[in-house]
Amino acid sequence: MQYFLYIMVAALTIFFIFEIRRSLRRSKKTVELIDKYWLNKTSPQLIDEMFDFAINDRRLSKIVAQYNADRSDFELVYKKLLTWADFRKYNRFIPITSFFYAGALEYLLSHKNDDAKMLTEKMLNYFHI
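These remarks concern the structure in this document. (Residues numbered from 1 in each chain as written. Predicted model: local features only at pLDDT ≥ 70, side-chain atom pairs only at ≥ 80, totals over all residues. Heavy atoms only, no water.)

This part covers helix H1 (residues 2-37). The end-to-end C-alpha separation of H1 is 53 Å, in line with the 52 Å expected for 36 residues at 1.5 Å each. Turning to H1, its buried residues number three or more, namely Glu19, Arg22, Arg26, Lys29, Thr30, Leu33, Ile34 and Tyr37. (Helix = DSSP H or I, 4+ residues; strand = E, 2+ residues; numbered from the N terminus. Expected span 1.5 Å × (residues − 1). Buried < 20%, exposed > 50% of the residue type's maximum accessible area, 1.4 Å probe, protein only.)

Printed below as a string of structure tokens:
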């Protein structure tokens, strides 16, 4: 019984370390993209980098596959968010940050044809801005 508890603690510790690493990598990438493209928000390379991150992340790739999303879907939603949320609050820029969180990405892809203002309000509420 005691060995089972040790194995469970070790497994939980390893899981925790991997999730923290993923979270830090995601935060680093969002800040990097915000800093890199702040003056050129309409650059096509921005959409490419966000899409590449999403298809290479284990959680986000499942959501992208579930909704059969492609680069054009990311671009459509990004432009809608950019219309109403073209401001930065600390290290949050809604049109970029929204694509890096599983819950936000799933909502955006499932409601990609909705009104731009409604999508933006939902993301502002999601990130408590």
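Take the packing of helix H6 (residues 102-110) against helix H7 (residues 116-126) next. Viewed as axis vectors pointing N to C, H6 and H7 meet at an angle of 170°, and their least axial separation amounts to 11 Å. As far as their axial angle goes, H7 and H6 are roughly antiparallel. Residue-level inspection shows Gly103, Ala104, Tyr107 and Leu108 of H6 in contact with H7, the latter providing Met118, Leu119, Lys122, Met123 and Tyr126. (Axes fitted to C-alpha atoms, helices over the stretch in contact; angles between N-to-C directions. Parallel < 35°, antiparallel > 145°, perpendicular 65-115°, else oblique. Contact = heavy atoms within 4.5 Å.)

Residues Met50, Phe74, Tyr78, Ile96 and Phe99 are the most contacted members of the largest nonpolar core, which totals 34 residues. Of all the elements in the fold, those that place two or more residues in this core are H1, helix H2 (44-56), helix H3 (58-66), helix H4 (71-84), helix H5 (94-97), H6 and H7. In terms of residues, this core owes the most to one element, H2, which gives 6 residues. The contact partners of Phe99, leaving out residues within four places of it in the chain, are Met50, Leu60, Phe74, Val77, Tyr78, Leu81, Leu105 and Leu108. (Core = buried A, V, L, I, M, F, W, Y, C linked by side-chain atoms within 4.5 Å.)

Before going further, it helps to spend a moment on a nonpolar patch on the surface. On the surface, Met1, Phe4, Leu5 and Met8 cluster together into a nonpolar patch covering about 470 Å² of accessible area. Relative to the assigned elements, Phe4 resides in helix H1. (Patch = residues over 30% accessible without salt bridge, like charges linked within 9 Å, V, L, I, M, F, W, Y side chains within 5 Å. Areas by Shrake-Rupley, 256 points an atom, 1.4 Å probe, with all protein chains shown as cover. Salt bridge = Lys/Arg side-chain N within 4 Å of Asp/Glu carboxyl O.)

Applying the stated criterion across every chain yields a total of 11 salt bridges. In this structure, Glu19 engages Arg59 in a salt bridge whose closest nitrogen and oxygen atoms are separated by 3.1 Å. You can see Glu19 sitting in helix H1 and its partner Arg59 sitting in helix H3, a full 40 residues away along the chain. Relative accessible area serves as the criterion here: at 35%, Arg59 is assigned to the partly exposed category. Of the charged contacts in the structure, one is a salt bridge between Asp48 and Arg71, with a shortest N-O distance of 2.4 Å. With a gap of 23 residues between them, Asp48 in helix H2 and Arg71 in helix H4 connect regions that are remote in the sequence. Through salt bridges with shared partners, one network takes in Lys29, Glu32, Lys36 and Glu49.

Glancing now at the packing of aromatic side chains. According to the stated counting rule, one finds 6 aromatic pairs in the structure shown. For the ring pair Trp38 and Phe93, a centre distance of 5.2 Å and an interplane angle of 80° mean the geometry is edge-to-face. Residue Trp38 is located in the loop between H1 and H2, and its partner Phe93 is located in the loop between H4 and H5; the two are separated by 55 residues in the primary sequence. The exposure class assigned to Phe93 is buried, which follows from its relative accessible area of 1%. Seen from their ring centres, Phe51 and Phe74 are 5.1 Å apart, and the 90° between their planes marks the pair as edge-to-face. Of this pair, Phe51 sits in helix H2 while Phe74 sits in helix H4, and the two are 23 residues apart along the sequence. (Phe/Tyr/Trp six-rings, centres within 6.5 Å; stacked < 30°, edge-to-face > 60°.)

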